[in-house]
Amino acid sequence: SFQEEIRKLKARADCNVRYEDPKGYYHLPGRADLALPKQRQTLKSFGFRPTKQGVHDMVRACVPYLSDPEVAKTFDAVNMKLGMSAVAARRFRDLASDL
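Each chain has its residues counted from 1, running along the sequence as written. Whole-chain, interface and lining totals are the exception, using all residues; otherwise, since this is a predicted model, local features are given only for residues with pLDDT of at least 70 and side-chain atom pairs are given and counted only at 80 or more. The side-chain values count all of the structure's non-hydrogen atoms but skip hydrogen atoms and water molecules.

Q: Explain the overall build of the protein to me, using residue names and the numbers behind them.
A: The helix and strand inventory of the protein stands at five helices and zero strands. Strands here are runs of E lasting at least two residues and helices are runs of H or I lasting at least four, both read from the DSSP assignment and numbered beginning at the N terminus. Its helices and strands taken in sequence order, the protein reads α-α-α-α-α from the N to the C terminus. Every radius of gyration here is taken over C-alpha atoms, with the globule rule written as 2.2 Å times N^0.38, N being the number of residues. For a compact globule of 99 residues, the expected C-alpha radius of gyration is about 13 Å, and the protein comes in at 14 Å, within 12% of that figure. In terms of overall dimensions, the protein has C-alpha extents of about 40 × 25 × 20 Å along its principal axes. Evaluated residue by residue, the protein yields a buried proportion of 30% over its 99 residues. We call two residues contacting when some pair of their heavy atoms lies within 4.5 Å. The long-range fraction of contacts in the protein, counting pairs at least 24 apart against all pairs at least 6 apart in sequence, stands at 47%. When the accessible surface of the protein is totalled, it reaches about 6800 Å², and 56% of it is carbon and sulfur. Positive charges come from Lys and Arg, negative ones from Asp and Glu, while His and the chain ends are left out of the count. For this purpose, a charge sits on NZ of Lys, CZ of Arg, CG of Asp or CD of Glu. Charge-centre separation for the protein: the mean point of 18 positive side chains lies 5 Å from the mean point of 12 negative side chains. The buried label applies to any residue whose accessible area, calculated with a 1.4 Å probe on protein chains only, is under 20% of its type's maximum; exposed applies above 50%, and partly exposed to all values in between. For the area figures, the Shrake-Rupley method with a 1.4 Å probe applies, and any residue is considered shielded solely by the protein chains shown.

See below:
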């Protein structure tokens, strides 16, 4: 399953540094390549290109709505499903708000 593959990526990252990522897997090698095939249909259905640039464009399209608590909660939940800790997801949201 996708979540199992995320766990494997995290375990591989942990092995490379011999401990759990203190930054909460904000950067997780292989995550983008793993996620893109799953994201393609969603990207296309919302009018974005089914590419890494399309993911970036989608994130930028969400930025104006991140001050809404429900949108922020969903944005963080998606990033946590992608393997980020809650702290890393919050950091990503905060940085995305500056795009």
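Q: Could you give me a rundown of helix α2 (residues 31-45), with the residues and numbers involved?
A: Its 15 residues give α2 an end-to-end C-alpha distance of 22 Å, which sits within 8% of 21 Å, the value for a rise of 1.5 Å per residue. Fitting axes to the seven residues that end at a residue and to the seven that start at it, the angle between those axes gives the bend at that residue. In the structure, α2 departs most strongly from a straight axis at Q39, where the bend amounts to approximately 50°. Residue G47 follows α2 closely and has a positive phi angle near 85°. A helix's residues, less one, multiplied by 1.5 Å, set its expected span.

Q: I'd like to hear about helix α4 (residues 69-81), residue by residue, with values.
A: Over its 13 residues, α4 extends 18 Å from the first C-alpha to the last, a length consistent with the 18 Å expected when each residue adds 1.5 Å. Along α4, the positions that sit buried rather than exposed are A72, F75, D76 and N79. With its buried residues spanning 95° around the axis, α4 presents them on a single face. Across α4 from its buried face, at more than 90 degrees, point the exposed residues E70, K73 and K81. For α4, the secondary structure elements touched by its buried residues are α3 (52-62) and α5 (86-96). Counted as a polar contact is a pair of N or O atoms within 3.5 Å, where, for protein atoms, one must be capable of donating a hydrogen and the other of accepting one, and residues adjacent in sequence contribute only when both atoms are in side chains. Between a side-chain oxygen at the N-terminus of α4 and the backbone nitrogen of E70 the separation is 2.8 Å; the capping residue is D68. A positive backbone phi angle near 105° is found at G83, which sits one or two residues after α4. For this quantity, the arc is that covered by the directions from the helix axis to the C-beta atoms.

Q: Summarise the nonpolar core; cite the residues concerned and give the values.
A: Ranked by size, the top nonpolar core spans eight residues in total: F2, I6, L9, A13, Y25, L28, A35 and L82. Of the residues forming this core, the biggest block, four residues, is contributed by helix α1 (residues 2-17). Once you skip the residues sitting within four places of it in the chain, L9 turns out to touch L28, P29, G30, R31 and L34. Put simply, a nonpolar core is a bunch of buried Ala, Val, Leu, Ile, Met, Phe, Trp, Tyr and Cys residues held in one set by side-chain atoms that sit within 4.5 Å of each other. In this structure, V59, L66, F75 and A96 belong to the second largest nonpolar core, which totals five residues.

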